[in-house]
Structure formats: structure tokens, C-alpha cells
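# Tertiary structure, described
Given next are the chains, with one letter for each unit.
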Amino acid sequence: QVQLVESGGGLVQAGGSLRLSCASSGTIFSLNAMGWYRQAPGKEREMVAIINNSGSTIYADSVKGRFTISRDNAENMIFLQMDNLRPEDTAMYYCAAPYNDNWGQGTQVTVSS
């Protein structure tokens, strides 16, 4: 199982942007899908975006048009470009290979009003 490490989180004002990165310790070529999930205090962890090997993507309704997931198999990384951030986007964001039950430790995103 590869190790996944997120980075790029931080504090940003509403309307701002952040780009999250997820670095893998090994190849992600064999992983069928990777994605970003988030969990806010008092809430269940939710899917934000998923990308499979063919490039097909799924986004949560709440982030459609604002977030973009991408995958670079050669670099063994995935990214989440987050634009027009809202306070309700505040959460711990996790990189994952969900069908392999492989999760990173998270990076905090805080969006101020």
C-alpha cells in the first residue's frame, strides 16, 4: 500500500483559491481511482471529487464548477484546484485511493468569511 501525503491547505478568504497536492510514495498507475474527501467538525466524511484511470471524474454537487481534480500518473500525484472558496468548504481534506482503502492524513482548509 502506497503512502499518500497531502499538502497545500491553509487559511484563505472567501472567494480565494487553493491548490491541494497529494504525493504518493509509489506508483498510482495500478490504482483504479483516486480522489479527495473532506470532513468538517461534526459532519461525516464526504466525497469531494474522484478521478479514475480513464480520466472520468465525479464531483460533489457542492463543488461543481469550483473545484477541479486532476491526476498525473507519471508523477504519482493528484491535485485539487479549489476556486471561489466558501466558508462551508472549511474541512480537513484527505487524499485517497478509496477502493483500496488507502488514505492520507489530511490537510486543513479553512475559509474565512
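These numbers were taken from a predicted model, which means no experiment stands behind them.

### Some remarks on the side chain of Ser 21
Note that Ser 21 resides in strand β3 (residues 18–24). Dropping the residues within four chain positions of it, Ser 21 is found in contact with Val 5, Glu 6, Ser 7, Trp 36, Met 77, Ile 78 and Phe 79.

### Section: the sheet that holds strand β1 (residues 4–7)
Hydrogen bonding along the main chain pairs the strands of a sheet, whether they run parallel or antiparallel. Ordered by their spatial adjacency, 4 strands build an open sheet running β1-β3-β8-β7, and the pairing between neighbours is antiparallel. Looking at which strands have only one partner, the edges of the open sheet turn out to be β1 and β7 (67–72). Within this sheet the neighbouring strands show an average axis-to-axis angle of 15°, counted without direction. In terms of strand pairing, β7 meets strand β8 (residues 77–82) through 6 bridges, oriented antiparallel. Its bridge partner lying in β8, Asp 72 is registered against Met 77.

About the criteria used
Residues numbered from 1 in each chain as written. Predicted model: local features only at pLDDT ≥ 70, side-chain atom pairs only at ≥ 80, totals over all residues. Heavy atoms only, no water. Helix = DSSP H or I, 4+ residues; strand = E, 2+ residues; numbered from the N terminus. Contact = heavy atoms within 4.5 Å. Pairing = 2+ DSSP bridges. Axes fitted to C-alpha atoms, helices over the stretch in contact; angles between N-to-C directions.

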